[in-house]
Amino acid sequence: MSESSSASGSRQEASDSSSASGSRQEASDEGAVRFEVRGATAYITFDRPHARNAMTWAMYEQLREAIIELEKAEDVRVTVLRAEGDKAFIAGTDISQFGEFQSGQDGLDYETRMESITERLEALPMPTIAAVKGYAVGGGLMLSAVCDLRICTPNVRFGMPVARTLGNCLSMANYARLVSLLGAARTKALVMRASWLEAEEALSSGFATEIVEPEELDDHVNELAAKLETHAPLTMSVTKESVRRLMLSNLPDDEDLVQKVYGSADFKEGVSAFMEKRQPQWQNR
């Protein structure tokens, strides 16, 4: 099964990420994914606020390590995903890393690598809560999508704007996740129009679980986690696994589609244009 989402964000977001200005001293340019357990609740924190928490390869590996710890943590009843800074949950994968790609196989390897992380996060036995504020773009959208509950602030903006940025695509598993959560029509509109799913629409569509004010987010999520800690763990685990199997059952193969896009001249142009802060010139090849 190929995987996690294509990285993307608005051109302004890319500019913010590239400049890396205003970095917190304790966060290196590569960023970090912090993991801690408090009582029966685990916290995964994305810490690269100067780049709107755009994920580097190192951060993805740290996320994988945290998930592996959670797979073995019998005493953890709830996991919370959150981010440093007020501007973003995760603004996708750091775009500069796609400059390394040479062929469609690189894209296939990337999607497979990402799915190995996303699928394991999705399959964790305990409930997962995404505390989302600001932008959740590309991979950030998909990491929030595989959580069980999404608690959002009013300024949240979910997006998958690859049609106007990199010219890449999602994996079949990620299309299935979005169609399951948003419906086919809204998924196609989100990708084709490169539009934003903002807080009220996310709530009315069922994608967002709740909307709370930014200053209340941490306390609200902690209270929700404490409540879930008291619920029957087997009931919650079997429920989420049943839904996961229904959502991802009998997926068709997508290797030809992923290789077609990531191996295209348009993808190379999309990455170059994004890094050069100009509009891409699509050639449909």
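Above this text sits the structure in question.
Residues numbered from 1 in each chain as written. Predicted model: local features only at pLDDT ≥ 70, side-chain atom pairs only at ≥ 80, totals over all residues. Heavy atoms only, no water.

(A) Fine view of a negative patch on the surface. Residues Glu 213, Glu 215, Glu 216, Asp 218, Asp 219 and Glu 223 make up a contiguous surface patch of negative charge. Considering the arrangement of structural elements, one finds Glu 223 in helix 8 (residues 217-229). (Patch = residues over 30% accessible without salt bridge, like charges linked within 9 Å, V, L, I, M, F, W, Y side chains within 5 Å. Areas by Shrake-Rupley, 256 points an atom, 1.4 Å probe, with all protein chains shown as cover. Salt bridge = Lys/Arg side-chain N within 4 Å of Asp/Glu carboxyl O. Lys, Arg positive; Asp, Glu negative; His and termini not counted. Charge placed at Lys NZ, Arg CZ, Asp CG, Glu CD. Helix = DSSP H or I, 4+ residues; strand = E, 2+ residues; numbered from the N terminus.)

(B) Summary view of the pairing of strand 3 (residues 78-83). The element strand 3 is largely enclosed, with a buried count of six among its six residues. Of the two faces of strand 3, the one lined by Val 78, Val 80 and Arg 82 and the one lined by Thr 79, Leu 81 and Ala 83 are each fully buried. Note that strand 2 (residues 41-47) and strand 3 share six bridges and pair parallel. Bridge assignment links Phe 46 to a residue of strand 3, and that residue is Ala 83. Crossover strand 2 to strand 3 through helix 2 (residues 57-72) is right-handed. In this sheet, strand 5 (residues 128-132) lies alongside strand 3 in parallel orientation, the contact comprising three bridges. Each residue of the ladder has a partner; that of Leu 81, found in strand 5, is Ala 130. (Buried < 20%, exposed > 50% of the residue type's maximum accessible area, 1.4 Å probe, protein only. Pairing = 2+ DSSP bridges. Right-handed = clockwise from strand over helix to strand, strands pointing away.)

(C) Spotlight on the environment of Ala 202. By secondary structure assignment, the location of Ala 202 is in helix 7 (residues 199-204). Residues Ala 202 and Cys 152, spaced 50 residues apart in sequence, show a C-alpha to C-alpha distance of 9.1 Å. The contacts of Ala 202, once residues within four sequence positions are left out, are Phe 158, Leu 197, Phe 207 and Ala 208. (Contact = heavy atoms within 4.5 Å.)

(D) Structural view of the nonpolar core. With 58 residues, the main nonpolar core has Phe 46, Leu 63, Phe 89, Phe 98 and Phe 158 as its most contacted residues. Among the elements that make up this core, the one with the highest residue count is helix 2 (seven residues). Every residue in contact with Phe 158, bar those within four places of it in the chain, is listed here: Val 132, Ala 136, Leu 141, Ser 144, Cys 152, Leu 190, Ser 195, Trp 196, Leu 197, Ala 202 and Phe 207. Listed in part, the 13 residues of the second largest apolar core include Ile 129, Ala 131, Leu 224 and Met 236. (Core = buried A, V, L, I, M, F, W, Y, C linked by side-chain atoms within 4.5 Å.)

(E) View of the packing of aromatic side chains. Summed over all chains, the structure comprises 13 aromatic pairs. An aromatic cluster of three or more residues is present, and its members are Trp 57, Tyr 60, Phe 98, Phe 101, Tyr 110, Tyr 262 and Phe 267. Just above the ring of Trp 57 sits the side chain of Arg 113; from NZ or CZ to the centre is 4.6 Å. When the ring centre of Phe 207 is taken as origin, the NZ or CZ atom of Arg 150, which lies over that ring, is 4.5 Å away. (Phe/Tyr/Trp six-rings, centres within 6.5 Å; stacked < 30°, edge-to-face > 60°. Lys NZ or Arg CZ within 6 Å of the ring centre and 35° of its normal.)

(F) Expanded view of the pattern of salt bridges. Counting across every chain of the model gives 20 salt bridges. Note that Lys 133 is salt-bridged to Asp 86, the shortest N-O span being 3.9 Å. Of this pair, Lys 133 sits in the loop between strand 5 and strand 6 (135-137) while Asp 86 sits in the loop between strand 3 and strand 4 (88-91), and the two are 47 residues apart along the sequence. A relative accessible area of 17% means that Lys 133 is categorised as buried. Of the residues examined, Asp 86 reaches a relative accessible area of 59% and is grouped as exposed.

(G) Geometry of the environment of Ala 73. Relative to the elements of secondary structure, Ala 73 occurs in the loop between helix 2 and strand 3. Spatially, the C-alpha atoms of Ala 73 and Ala 40 are 9.6 Å apart, while their sequence positions differ by 33 residues.

(H) View of the sheet that holds strand 4. In space, the four strands of this open sheet follow the order 4-6-8-9, with mixed pairing throughout. Of all strands in the sheet, those with a lone pairing partner are strand 4 and strand 9 (196-198), marking the two edges. Strand-to-strand twist in this sheet, taken as the mean axis angle between neighbours without regard to direction, amounts to 20 degrees. In terms of strand pairing, strand 8 (residues 157-159) meets strand 9 through three bridges, oriented antiparallel. (Axes fitted to C-alpha atoms, helices over the stretch in contact; angles between N-to-C directions.)

(I) Quick look at the sheet that holds strand 1 (residues 32-38). Strand order across the open sheet formed by six strands is 1-2-3-5-7-10, with mixed pairing between neighbours. Edge strands, defined here as strands with exactly one partner in the open sheet, are strand 1 and strand 10 (210-211). Here two bridges tie strand 7 (residues 149-152) to strand 10, and the two strands are oriented parallel to one another. Bridging across to strand 10, Cys 152 finds its partner in Ile 211.

(J) Highlighting helix 6 (residues 184-192). Those residues of helix 6 lying buried are Thr 187, Leu 190 and Val 191. Buried residues along helix 6 cover an arc of 90 degrees about the axis, so they all sit on one side. Opposite the buried face of helix 6, by more than 90 degrees, sit the exposed residues Ala 185 and Met 192. The inward-facing, buried residues of helix 6 abut helix 4 (139-145), strand 8, helix 5 (172-182) and strand 9. Two residues or fewer past helix 6, Ala 194 is found with a positive phi of approximately 50 degrees. (Arc of directions from axis to C-beta.)

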